[in-house]
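Commentary on secondary and tertiary structure
Below are the chains, spelled out letter by letter.
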Amino acid sequence: MEKLTLINTPVRLSSDASFFPVGLAYVATAVDQTGRPLEILDFNLDRPSPEAAAVRIAKTKARYVGITGMAIQFGLIRRYAEAAKRALPGCTVVVGGRV
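Residues numbered from 1 in each chain as written. Predicted model: local features only at pLDDT ≥ 70, side-chain atom pairs only at ≥ 80, totals over all residues. Heavy atoms only, no water.

Pairing of strand 1 (residues 4-8) with strand 2 (residues 38-42), which is carried by 5 bridges, proceeds in the parallel orientation. Residue pairing in the sheet places threonine 5 in a bridge with glutamate 39 of strand 2. One crossover worth recording links strand 1 to the parallel strand 2 by way of helix 1 (residues 22-34), and it is right-handed. (Pairing = 2+ DSSP bridges. Helix = DSSP H or I, 4+ residues; strand = E, 2+ residues; numbered from the N terminus. Right-handed = clockwise from strand over helix to strand, strands pointing away.)

Shown next, in the form of structure tokens:
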């Protein structure tokens, strides 16, 4: 099975990460139960630039990339999606959450 990478985007760059991505954990649990290879990148914890994110995303060698976030994060979500497409040409990027 082809690998899936799930990405949690940063919230409020001016403050520290303060919540666990419960929704993303639910999705990861469901995917894990199918036996599909899975990796989670919590960019809310370390807040990489899109360039640094592209390097980390490339290392996953995923065929599918899921990015979660809220409408207020749209600009950053778009930059991470573009970084994923650059890092993994041909990958499918899916965006969800409250976007």
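Having seen the model, we can carry on.
Let us now look at the environment of isoleucine 57. With respect to the helices and strands, isoleucine 57 occurs in helix 3 (residues 50-60). A relative accessible area of 0% means that isoleucine 57 is categorised as buried. Among residues more than four places away in sequence, those in contact with isoleucine 57 are Ile7, Leu41, Phe43, Tyr80, Ala84, Ala87 and Leu88. (Buried < 20%, exposed > 50% of the residue type's maximum accessible area, 1.4 Å probe, protein only. Contact = heavy atoms within 4.5 Å.)

Attention now goes to the packing of aromatic side chains. Tallied over the full model, the rule gives 1 aromatic pair. The cationic tip of arginine 63 hangs over the ring face of tyrosine 64; the distance from NZ or CZ to the ring centre is 5.1 Å. (Phe/Tyr/Trp six-rings, centres within 6.5 Å; stacked < 30°, edge-to-face > 60°. Lys NZ or Arg CZ within 6 Å of the ring centre and 35° of its normal.)

Among the residues of helix 3, Pro50, Ala53, Ala54, Ile57 and Thr60 are the ones counted as buried. Down the axis of helix 3, the buried side of the element spans an arc of 110 degrees, and every buried residue falls inside it. Projecting away from the buried face of helix 3 at angles above 90 degrees are the exposed residues Glu51 and Lys59. On its buried face, helix 3 is in contact with strand 1, strand 2, helix 2 (43-46) and helix 4 (74-87). Note on helix 3: the residue one or two positions beyond its end, lysine 61, has a positive phi of about 55 degrees. (Arc of directions from axis to C-beta.)

Attention now moves to the sheet that holds strand 2. If you trace the 4 strands from one edge of the open sheet to the other, you get 2-1-3-4, paired in parallel fashion. Pairing within the sheet leaves two strands with one partner each, and these edge strands are strand 2 and strand 4 (92-98). With strand direction ignored, the average angle separating the axes of adjacent strands in the sheet is 20 degrees. Pairing of strand 1 with strand 3 (residues 64-70), which is carried by 5 bridges, proceeds in the parallel orientation. Bridge pairing in strand 3 places asparagine 8 opposite threonine 68. This element, helix 1, spans strand 1, strand 2 and strand 3 of the sheet and lies at about 170 degrees to strand 1. (Axes fitted to C-alpha atoms, helices over the stretch in contact; angles between N-to-C directions.)

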